[in-house]
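# A look at the structure
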Amino acid sequence: MQGQVLFAPINGSQVPFHISMIKNAVQPDPDRTATYLRLNFFTPGQTASKDIAPATSKLIEQHGHNSMFIKEMLYRSRESQRLTAAHRMIQELRKRFRQHAAKAAEEADLIPQEKLVKMRDQRIPRMADLTMRPFISGKKTTGTLEAHTNGLRFTSKKHEIVDIMYGNIKHSLFQPCENEVMVLIHFYLKNPVLVGRKKSQNVQFLTEVVDASVALDSARRSMYDPDELDEEQRERQLRKKLNEMFKEFCKKMERVAKHHRFHLEYHESTKISSQNISQIRFDIPYRDLGFHGVPNREMVLIQPTVRCLVNLTETPFFLVELDRVEHIHFERCTFRSKNFDMIIILQNFDVLPLSINAVPMNELDAIQEWLTDCSITYTAGQASMSWKSVMNLVKGDPRFYEETDEHGESKPAGWQFLQADDNHDGNEEEDDGDEDYSAGDDDDEDEDEEDEDEEEDDEEDVNGDDDEDDDALDWDAMEASAQ
């Protein structure tokens, strides 16, 4: 088991085979007299399997043309228990080898961290009964968080340990439980750490104020129920107490780190110092500037901070660093749409843009105003775009930010081409509107001419009646004179 080797008997000799060479082990149906065990091996010419180790695949390619390989071996025994035990041990050995290989691949690009130096000469800042996300094991991980000389240590109730060094923390966020079900501290790391069996660049510690799901009994309760009023009062006091406890822990971390020459500071979003002398600052999200959207699978509240755009309450976490944002584009922005999509283009063009879908249209003006304050450019368009093709086009254009192309012809500079087509369509619509307006004017002019003709006819009729009246008077005068 320890050497990951299988000894297979061949002509009375024990021949070693590494477990990575075995494709599978199968036990066919036994007959009346004996039990069978078939071993299938990886050989040249077979279709590449996902279970084959990279070293084994390379070995087969290297020696496949000038070496002989065993494809399969079949063993027969009258004692079924022996082959059944051997089959079970082979399967267990293959399982351990796959787990070891997966762990090695997971830890291949991990950067080793320095060892934690425990603080012994003074009182250790500590918070108990915290929930850690991502979970180390099981459905929930609960334990104690401590601040030491050069980092944090989380110890679960199962005695599992996760260390986070101060030097590996890139962003620190503190989110109080204001209209939230939890109060939390979130760390975005420079280099991922191994949490359980998976790498993680986001580590979070939280305490739930109220349960996310509450079982309601069938009895109806009045809004003037004194028990319910007392429960709400206790919940408000608990929120305030937890906020103060987490805030005090952040300040204690600052004092410990500063004492040991690690610059760590706590700042509220409204009281950020202009002097950039600290390595780490605790930011509080701006809830007033938050907007709803779907960055992953469900609708969440996305809130900006001083240096990030985050959602920390739902998993998977969403965190975008503002200093790595190149441009923002809004898709499906029309007067008839209720929602639009927010596309975040990063400075690294090799990474596909991030998308936040189904953002309510009534929040567009506030988002654009916030982007203007952050000096981040943005455009808006009506159509959805294939961003893989767009990024390939941008990467292949050496004069992307120029106003002229390689032939000297004018073109939109930078990201303005995203709304150039929309402006062209809009101009065409305006031209159609002018034509409609001109047609309407012609109709109005025709109506005016008809009105003028009618007025002239009325004047002629009036003049004619006057003439007739004059003629009648003259005739009467003539009769009077004749008499």
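The structure we're discussing is the one just above.
Cut-offs applied
Residues numbered from 1 in each chain as written. Predicted model: local features only at pLDDT ≥ 70, side-chain atom pairs only at ≥ 80, totals over all residues. Heavy atoms only, no water. Buried < 20%, exposed > 50% of the residue type's maximum accessible area, 1.4 Å probe, protein only. Helix = DSSP H or I, 4+ residues; strand = E, 2+ residues; numbered from the N terminus. Pairing = 2+ DSSP bridges. Axes fitted to C-alpha atoms, helices over the stretch in contact; angles between N-to-C directions. Contact = heavy atoms within 4.5 Å. 1 Å grid on protein atoms, 1.4 Å probe; cavity = no way out; pocket = protein on both sides within 12 Å on 5 of 7 lines; lining within 4 Å. Points joined across faces, edges and corners; volume = space filled by probe spheres on them. Nonpolar A, V, L, I, M, F, W, Y, C, P; charged D, E, K, R; others polar. Core = buried A, V, L, I, M, F, W, Y, C linked by side-chain atoms within 4.5 Å. Phe/Tyr/Trp six-rings, centres within 6.5 Å; stacked < 30°, edge-to-face > 60°. Expected span 1.5 Å × (residues − 1).

### Section: the pairing of strand β19 (residues 325-331)
With 6 of its 7 residues buried, β19 lies for the most part within the structure. The sheet contact formed by β19 and strand β22 (residues 378-380) spans 3 bridges and is parallel. For His329, the partnering residue across the bridge sits in β22 and is Thr379.

### Thoughts on the sheet that holds strand β3 (residues 22-26)
The antiparallel open sheet is built from 3 strands, whose spatial order is β3-β4-β5. The open sheet has two edge strands, β3 and β5 (72-77), and neither has a second partner. Neighbour-to-neighbour, the strand axes of the sheet open up by a mean angle of 15°, direction not taken into account. Two strands pair when backbone bridges link them, and strand β4 (residues 35-41) and β5 are joined in this way by 6 bridges, in the antiparallel orientation. Within β5, the residue paired with Leu39 across the bridge is Met73. Contacting β3, β4 and β5, helix α2 (residues 80-106) runs over the sheet at an angle of about 25° to β4.

### Topic: unusual backbone geometry
The linkage connecting Arg133 with the following residue, Pro134, adopts the cis geometry, with an omega of 0°. Relative to the helices and strands, Pro134 is located in the loop between β6 (126-133) and β7 (142-147). Here Thr315 and Pro316 are connected by a cis peptide whose omega angle stands at 0°. Summarising the element assignment, Pro316 is placed in the loop between β17 (308-311) and β18 (318-321). The phi torsion at Asp129 lies on the positive side, around 60°, for a residue other than glycine. Even without being a glycine, Ser375 presents a positive backbone phi close to 60°. Tracing the backbone through its elements, the reader meets Ser375 in the loop between α4 (364-373) and β22.

### Comments concerning empty space enclosed by the protein
As enumerated under the stated definition, the model contains 2 cavities of 30 Å³ or more in all. Reported here for the largest cavity is a volume of approximately 90 Å³. In terms of lining, the largest cavity is formed by Ile19, Ser20, Ile22, Phe42, Asp51, Ala53, Arg94, Phe97 and Arg98. Considered as a void within the structure, the second largest cavity measures approximately 50 Å³ in volume. Lining of the second largest cavity is provided by Leu309, Val320, Leu322, Val325, Ile328, Met342, Ile344, Trp370, Leu371 and Ile376. Listing elements by their share of the lining of the second largest cavity, those giving two or more residues are β19, β20 (339-346) and α4. Taken together, the residues of the lining of the second largest cavity sort by class into 10 nonpolar, no polar and no charged.

### Some thoughts on the nonpolar core
The biggest cluster of nonpolar side chains holds 34 residues, and the ones touching the most others in it are Ile185, Phe187 and Phe205. Put simply, the parts of the chain that give this core at least two residues each are β6, β7, β8 (151-156), β9 (161-165), β10 (169-175), β11 (182-195), β12 (198-208) and α3 (226-259). Of the residues forming this core, the biggest block, 7 residues, is contributed by α3. Here Ile185 is in contact with Met127, Leu173, Phe174, Val203, Gln204, Phe205, Phe246, Phe249, Cys250 and Phe282, once residues within four sequence places are set aside. With 22 residues, the next largest nonpolar core counts Leu322, Cys333, Ile344 and Ile367 among its residues.

### Digging into the packing of aromatic side chains
On inspection of all chains with the given rule, the structure shows 11 aromatic pairs. An aromatic cluster is present here, built from Phe349, Phe400, Tyr401, Trp415 and Phe417 joined pairwise through their rings.

### Considering α3
End to end, α3 covers 49 Å across 34 residues, agreeing with the expected 50 Å (1.5 Å per residue, within 8%). Within α3, the full set of buried residues consists of Arg239, Leu242, Asn243, Phe246, Phe249, Cys250, Met253, Glu254, Val256 and Ala257.

### A word on the pairing of β4
Of all the 7 residues making up β4, 6 are buried; the element is thus mostly covered by neighbouring parts of the structure. Of the strand pairs in this sheet, β3 and β4 are connected by 4 bridges, and their pairing is antiparallel. Counted as the bridge partner of Ile22 is Phe41 from β4.

### Re α2
Compared with the 39 Å implied by 1.5 Å per residue over 27 residues, the 39 Å span of α2 between its first and last C-alpha is a close match. Every buried residue belonging to α2 is among Leu83, His87, Ile90, Leu93, Arg94 and Phe97, and all of these are buried. Packed against the buried residues of α2 are β1 (5-10), β2 (13-18), β3, β4 and β5.

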